[in-house]
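# Notes for the structure review
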Amino acid sequence: MVPPGLRGVLPVVLACLALAAGQRLFGGQEFFVYVASLVGVNVVLAVSLNVVNGMTGQFSIGHAGFMAVGAYAAGRLSLPLGDVAVSGLPVAASDQLLFAVSLLAGGVAAAACGFVVGLPSLRLKGDYLAIVTLGFGEIVRVIIQNTPALGGALGLSGIPQRGSLFAVWLCAFLAVLVARRIAESSHGRSLTAIREDEVAAEAMGVNTTAYKVRAFVVSAFFAGVAGGLFAHFVPIINPGSFTFVKSMEVVVMVVAGGLGSTTGSILAAVVLTLLPEALRSGFNRFAGEGAGAVVDQVRMPVYGLLLVVLMLARPQGLFGTRELWDRRKGQGARP
Amino acid sequence: MSDFLQHVINGLSAGTIYALVALGYTMVYGVLKLINFAHGDVMMMGTYVGYASALQFKQRGGFGMASVLAIFFLSMAACAAVGWLIERFAYRPLREKPKLTALITAIGISFAVSYGFQMDWGFLPGPNPRAFPEVIRRQPWLTLLDGEVTLWNWQVISFAVALGLMAGLQYLVFRTRFGRAMRAVSHDHRTAALLGIHTDRVIAVTFMLGSALAAGAGILFAIKDVKIEPLMGTQQGLKAFVAAVIGGIGNVPGAVVGAVLLGLVEEFVVGYTASSWRDAVAFGFLILVLLLRPEGLFGRVTAEKV
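Just so you know, these numbers come straight off a predicted model, no measurement behind them. (Residues numbered from 1 in each chain as written. Chains lettered and ligands numbered in written order. Predicted model: local features only at pLDDT ≥ 70, side-chain atom pairs only at ≥ 80, totals over all residues. Heavy atoms only, no water.)

### Some words on the packing of helix H10 (residues 244-257) of chain A against helix H4 (residues 99-116) of chain B
Operational definition: Working convention: axes come from line fits to C-alpha atoms, limited for helices to the stretch in contact. Angles between N-to-C directions cover 0 to 180 degrees. Secondary structure elements follow DSSP: runs of H or I of four or more residues count as helices, runs of E of two or more count as strands, with numbering from the N terminus. The labels follow the angle: roughly parallel below 35 degrees, roughly antiparallel above 145, roughly perpendicular from 65 to 115, and oblique for the rest. Here is the rule for handedness: rotate from the far helix to the near one, and if that takes an anticlockwise turn smaller than a right angle the crossing is left-handed, while a clockwise turn gives right-handed. Should any heavy atoms of two residues lie within 4.5 Å, those residues are considered in contact. Gly falls in the polar group here, along with every residue not listed as nonpolar (Ala, Val, Leu, Ile, Met, Phe, Trp, Tyr, Cys, Pro) or charged (Asp, Glu, Lys, Arg).
Where H10 of chain A contacts H4 of chain B, the axes come no closer than 12 Å and their chain directions differ by 130°. In this view, H10 of chain A runs oblique relative to H4 of chain B, as classed from their interaxial angle. You can see that H10 of chain A and H4 of chain B cross each other, and the crossing is left-handed. Note on element contacts: H4 of chain B touches H10 of chain A through Ile 104, Ile 107, Phe 111 and Tyr 115 of chain B, opposite Phe 244, Val 245, Met 248 and Val 255 of chain A. Grouping the amino acids of the contact of H10 of chain A with H4 of chain B by side-chain chemistry returns 8 nonpolar, no polar and no charged.

### Examining the nonpolar core
Threshold: Note on terminology: a nonpolar core comprises buried Ala, Val, Leu, Ile, Met, Phe, Trp, Tyr and Cys residues joined through side-chain atoms within 4.5 Å. Working definition: with a 1.4 Å probe on protein chains only, accessible area under 20% of the residue-type maximum means buried, over 50% means exposed, and in between means partly exposed.
If you look at the biggest cluster of nonpolar residues, it comprises 179 residues, and the most contacted ones within it are Ile 237 of chain A together with Phe 37 of chain B. Ignoring any residue separated from it by four or fewer positions in sequence, one finds Ile 237 of chain A in contact with Ala 71, Tyr 72, Gly 155, Leu 156, Ile 159, Phe 230, Ala 231 and Phe 242 of chain A.

### Side note on the confidence of the model for chain B
In plain terms, the rule: What pLDDT expresses is the predictor's confidence in each residue, scored from 0 to 100.
For chain B, per-residue confidence averages 86 on the pLDDT scale, and 98% of positions sit at 70 or higher. Predicted as a complex, the structure gets a pTM of 0.87 and an ipTM equal to 0.84.

### Notes on the side chain of Arg 141 of chain A
Residue and element names in this part refer to chain A. When you line up the elements, Arg 141 lands in helix H5 (residues 126-145). Owing to a relative accessible area of 15%, Arg 141 belongs among the buried residues under this scheme. Once residues lying within four places of it in the same chain are set aside, the contact partners of Arg 141 are Pro 239, Phe 242 and Thr 243.

### Notes on the interface of chain A and chain B
What counts here: As used here, buried area is the combined drop in accessible area, with a 1.4 Å probe, of two parts when they are placed together. Here a salt bridge means any side-chain nitrogen of Lys or Arg lying within 4 Å of a carboxyl oxygen belonging to Asp or Glu. Pairing of N or O atoms within 3.5 Å defines a polar contact, subject to two protein rules: one partner must be a possible hydrogen donor and the other a possible acceptor, and residues neighboring in sequence count only if both atoms are side-chain atoms.
Contact residues are listed per partner, giving 38 residues for chain A and 43 residues for chain B. Taken as a group, Asp 127, Tyr 128 and Ile 131 of chain A account for 17% of the area that chain A buries against chain B, more than any other trio of residues on that side. Viewed at the interface, chain B and chain A are joined by 0 salt bridges. Inspection of the chain A/chain B interface yields 0 residue pairs in polar contact (both at pLDDT 80 or more). Elements with a contribution of two residues or more to the side of chain A that touches chain B: H5, H10 and helix H12 (293-313) of chain A. Residues that form the side of chain A that touches chain B fall into these classes: 29 nonpolar, 5 polar and 4 charged.

Following this line, the structure appears as structure tokens:
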């Protein structure tokens, strides 16, 4: 079918074409683009968190912290680059190039943070890791709040609005691709071994700390990219966008989709982003203007209850550890 | 010098309250090997029960010794009931499941409670902070160095209440039949069950005790800070948890030492830098301790048996 040399490149090329077509068709509709970008960012976040929480069986609840690092690093870099153009390129192309550079910078900054946090804390057991990641998220927030160069509590505004449907969903596609490749490689086997039984994995010669840290760094990188994307399509970023609540949202997505299933994470991210939006506009339309605020009030307690009910009734979530692209029923990812 | 002394006093008084909450974390961890994330939110609920009953007493004319005791008793009883409910319906069904499921459940409960209390339906208080009634008239108890250092009466009272509750707990754990059963369950709950200890009951009572202590701490917090809000539980609870880890989780005296240490460190950082750093202090301290001594100050390194 496909020549082996093209197998790695072909999906990306196809995705680019499809996304370019989507951009052409829907790029003009502002609200649609906004919601679709939000969905895309959440897909990146959920898929990346799934690498740590699902595949490796660690429990990080500070994903918003990495997102914040990425958002602020990319946003801060883009801010002075708003009017700069790379010579010899058309304006649009140079904009996109600079955008890609700042996204990459955001990802790398977040990954570096992931490494710094992960190295000491991944030697610890699950509950400690949870609390350290939570603490990390809080520390990031407090540092941003106390740094005038980052806008403090008021936030950072005026970041050039370079985000597009194409960019967001290309990143989402790449995140899914990377997650899938990891899961199906020997690397992913080691992560699964750590999830199933850490002591046994270690006895079989898996360097558990190294693998956990690597999973953590990959996950943080994509969270940073998601943050960078977010910073380029919302008018203002402030510390309030990256609180524990945001981390919990992503955790709920991963758990509801099924810890360890990338498909589940994607689906849950899409549904849990669209549902509140749909309910809010539905309430506003049919129960009078302002009635939609109820949705925002109820959303958080419902997420909490959802976690409890899921754990009691269906701890494996929607998909368990299965994927859409698994070959046969009942079989995990290909060996 | 006077600044320093005042900070020591404030730090100690904050630390003893943290200690009460930290004891709850450590006790539950001792018997269940589970971090009860919802513990701080139980404390918050206790504070609101105290608030509601204080309003009632205020309407009937002022606060006497008896009414203050009644406020404490009511909120501690309510929290014990809540603790029992959470244990019975959320944690017990998951006891033999992987630890991660219980952890996720605990986080879920914490989230549901703290954000549930931010809705303003029915009896729920809504997101706005409330002012806790002045159940104890604030006045200086002792002034030192020409009035530059003040020891307030509520600081003395909260110190005394905290110490009293801790002494009671110490007696219960080390001098009674129930305490012996609790220590046995903590050591090995299967063997304890084989030896005829009703482990379910011991675990439930431990939960109730921890929750009641948290309610007491919540009221002391409210007397200290006056402002109460639905998210206070998560905030203070996490700090208390950090204190328990610093002392070595599962270790009762360790929790107290860790909490006092945390109270002092926090007070000094806030006193000598800016108060906006307050929330980062506890977690920075936690990461430092986990780096240098992951088992905590008083914890023992235990080899994992397979």
